[in-house]
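Given next are the chains, with one letter for each unit.
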Amino acid sequence: MSLALPVAPLAARDASDIDSGYFEGRWAFIDEDCSAPTNWTLISGGNFVSEDLVGIWTWREGELVLNLDDLAIDEESGEPGGRFRMDGPVTLVDQDRFDFTIAPDVYQLKRCP
């Protein structure tokens, strides 16, 4: 005879107390495959790399801050993408998933192997 214990799903929680090491590695948007070139790679020490984006990332006071250069050329204007910043709070969904809020959008990311 075996006893089965009910398993409660992990509740999303505030991420302000987690270590920046949580974010290191490859991440994909929840609806994308981990082999997609648009994956985000957050490298220890603060470097950020994606298909058409490079820059730096920091984790401070419960917010993920991305300072990025868009390397893509706009198809209509022919102009380079330029620099931009994304910053906002993070909610941990579980060990391998978080939501990154840049109002009004919420980017849902999953960890890639």
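Residues numbered from 1 in each chain as written. Predicted model: local features only at pLDDT ≥ 70, side-chain atom pairs only at ≥ 80, totals over all residues. Heavy atoms only, no water.

Focus on the state of the cysteines
Link 1 in the chain: Applying the stated criterion across every chain, the model contains 1 disulfide.
Link 2 in the chain: One disulfide bridge connects Cys34 with Cys112, the sulfur atoms lying 2.3 Å from each other. In this structure the cystine formed by Cys34 and Cys112 twists about its S-S bond by roughly -85°; its chirality is therefore left-handed. Placement of the pair is Cys34 in the loop between strand S2 (25-29) and strand S3 (40-43) and Cys112 in the segment after strand S9 (105-111), with a sequence separation of 78 residues. Each of the two residues, Cys34 as well as Cys112, counts as buried. (Disulfide = S-S within 2.5 Å. Helix = DSSP H or I, 4+ residues; strand = E, 2+ residues; numbered from the N terminus. Buried < 20%, exposed > 50% of the residue type's maximum accessible area, 1.4 Å probe, protein only.)

What to know about the nonpolar core
Link 1 in the chain: Grouped together as the largest cluster of nonpolar side chains are 22 residues, with contacts concentrated most on Phe23, Trp40, Leu64, Leu66, Val90, Phe98 and Phe100.
Link 2 in the chain: Those elements that place two or more of their residues in this core are S2, S3, strand S5 (53-60), strand S6 (63-73), strand S7 (80-94) and strand S8 (97-102).
Link 3 in the chain: If we ignore the near neighbours within four places in the chain, the residues touching Phe23 are Ile18, Leu42, Trp57, Trp59, Val90 and Phe98. (Core = buried A, V, L, I, M, F, W, Y, C linked by side-chain atoms within 4.5 Å. Contact = heavy atoms within 4.5 Å.)

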